[in-house]
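Residue strings, one per chain:
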Amino acid sequence: ILNVEQSPQSLHVQEGDSTNFTCSFPSSNFYALHWYRWETAKSPEALFVMTLNGDEKKKGRISATLNTKEGYSYLYIKGSQPEDSATYLCAFLAAGNKLTFGGGTRVLVKP
Amino acid sequence: DAGITQSPRHKVTETGTPVTLRCHQTENHRYMYWYRQDPGHGLRLIHYSYGVKDTDKGEVSDGYSVSRSKTEDFLLTLESATSSQTSVYFCAISQGVDNEKLFFGSGTQLSVL
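What you see is a predicted model, and the numbers here were worked out from it, not measured in a lab. (Residues numbered from 1 in each chain as written. Chains lettered and ligands numbered in written order. Predicted model: local features only at pLDDT ≥ 70, side-chain atom pairs only at ≥ 80, totals over all residues. Heavy atoms only, no water.)

A. Up close: the overall build of chain A. When helices and strands are tallied, chain A shows zero helices and 11 strands. Against the compact-globule benchmark of 13 Å for 111 residues, chain A has a radius of gyration of 13 Å, which places it among compact chains. Along the longest, intermediate and shortest principal axes, the C-alpha atoms of chain A span 45 × 25 × 20 Å. Going through the 111 residues of chain A one by one, you find that 50% of them count as buried. Pairs at least 24 apart in sequence give 53% of the contacts found in chain A among residues at least 6 apart. (Helix = DSSP H or I, 4+ residues; strand = E, 2+ residues; numbered from the N terminus. Rg over C-alpha atoms; globule rule 2.2 N^0.38 Å. Buried < 20%, exposed > 50% of the residue type's maximum accessible area, 1.4 Å probe, protein only. Contact = heavy atoms within 4.5 Å.)

B. View of the packing of aromatic side chains. The final tally for this structure, using the stated rule, is 18 aromatic pairs over all chains. Seen in terms of ring centroids, Trp38 of chain A and Phe90 of chain B are 5.2 Å apart; in terms of plane orientation they differ by 85°. Their pairing is edge-to-face. In this pair, Trp38 of chain A is assigned in strand E4 (residues 30–38) and Phe90 of chain B in strand E9 (residues 87–94), connecting two distinct chains. Looking at Trp38 of chain A, the relative accessible area reads 13%, which means it is buried. (Phe/Tyr/Trp six-rings, centres within 6.5 Å; stacked < 30°, edge-to-face > 60°.)

C. Representation of the side chain of Gln85 of chain B in the model. Inspection of the secondary structure puts Gln85 of chain B in the loop between strand E8 (73–78) and E9. Setting aside chain neighbours within four positions, we find Gln85 of chain B in contact with Arg36, Asp62, Gly63, Tyr64, Leu78, Ser80, Leu110 and Val112 of chain B.

D. Broad picture of the interface of chain A and chain B. Between chain A and chain B, the contact holds 18 residues from the first and 19 residues from the second. Approximately 1500 Å² of surface area, both sides summed, lies buried where chain A meets chain B, with 66% of it carried by carbon and sulfur atoms. The three residues of chain A that bury the most area against chain B are Trp38, Lys98 and Phe101 of chain A, which together make up 34% of that side's buried surface. Joining chain A to chain B, the criterion identifies zero salt bridges. Between chain A and chain B we count two residue pairs in polar contact (both at pLDDT 80 or more) in total. Where the side of chain A that touches chain B is concerned, the elements lending two or more residues are E4, strand E5 (45–50) and strand E9 (86–94) of chain A. The element contributing the most residues to the side of chain A that touches chain B is E4 of chain A, with five residues. (Buried area = accessible area lost by both parts, 1.4 Å probe. Salt bridge = Lys/Arg side-chain N within 4 Å of Asp/Glu carboxyl O. Polar contact = N/O pair within 3.5 Å; in protein donor to acceptor, adjacent residues only side chain to side chain.)

E. Spotlight on the sheet that holds strand E1 (residues 4–7) of chain B. Residue and element names in this part refer to chain B. An order of E1-E3-E8-E7 is seen for the four strands of this open sheet, with the pairing classed as antiparallel. Strands at the two margins of the open sheet, each flanked by one partner only, are E1 and strand E7 (64–70). Put simply, the sheet's adjacent strands are angled 15° from each other on average, direction ignored. Sheet analysis places E1 next to strand E3 (residues 19–25), joined by four bridges and oriented antiparallel. Pairing of Thr5 across the sheet is with His24, part of E3. (Pairing = 2+ DSSP bridges. Axes fitted to C-alpha atoms, helices over the stretch in contact; angles between N-to-C directions.)

F. Representation of the side chain of Thr87 of chain A in the model. With respect to the element layout, Thr87 of chain A can be found in strand E9. Discounting chain neighbours no more than four positions away, the residues touching Thr87 of chain A are Tyr36, Arg37, Trp38, Gly104, Thr105 and Arg106 of chain A.

G. Expanded view of the pattern of salt bridges. For the coordinates displayed, the defined rule picks out five salt bridges over all chains. A salt bridge links Asp84 of chain A to Arg61 of chain A; the nearest nitrogen and oxygen atoms lie 2.7 Å apart. On the criterion of sequence distance, the pair formed by Asp84 of chain A in the loop between strand E8 (72–77) and E9 and Arg61 of chain A in the loop between strand E6 (56–59) and strand E7 (62–67) is long-range, its members being 23 residues apart. Measuring nitrogen to oxygen at the nearest pair gives 3.0 Å for the salt bridge that ties Arg44 of chain B to Asp38 of chain B. Residues joined in a network through salt bridges with shared partners are Arg22, Lys70 and Asp73 of chain B.

Encoded structure:
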């Protein structure tokens, strides 16, 4: 079982502020790193699939970076809005394996 | 939205009874997955399928079996439900396994009393 850790488990952000959080994964045998957004009462939806060290992805006000050599990825939310409130999941794919999900970071944006 | 339908959406059953959950897709994706979601554990893979009649175990497969007789349907069976199997179950699909994102169904809330 691969160890994929997300921190913090939860965070509160004031509307308009920016925030970021971390996904840590094994630095060996890397194949891909996924990010998903999971809103309450809905299904997880894919944000990014990242495969290359140094990769940076952006979707609107959300962006992600990837460091495969040290085994971490950051997700950034710029100018947080209430609709950004969700649980953000990362998932690590090692070569020859299936996706292993982290426990998620729950983000609550306060108006 | 990807065409994934899970049924039932909610189910309450008793310990020791068999339960089958169904996942139906209209996307013709090759890969299908069953996950369970529990507090503090995120999503954990139960079983997956890489084609008709081709399935394999995930990290929490004990007590579960699956079948895939058609591309569009992936069934998850709890042979004899236990209270530890009370969970939310998600089906997911993907076109491939390499660098392909997952599309999730709406989930099935299962309570085993």
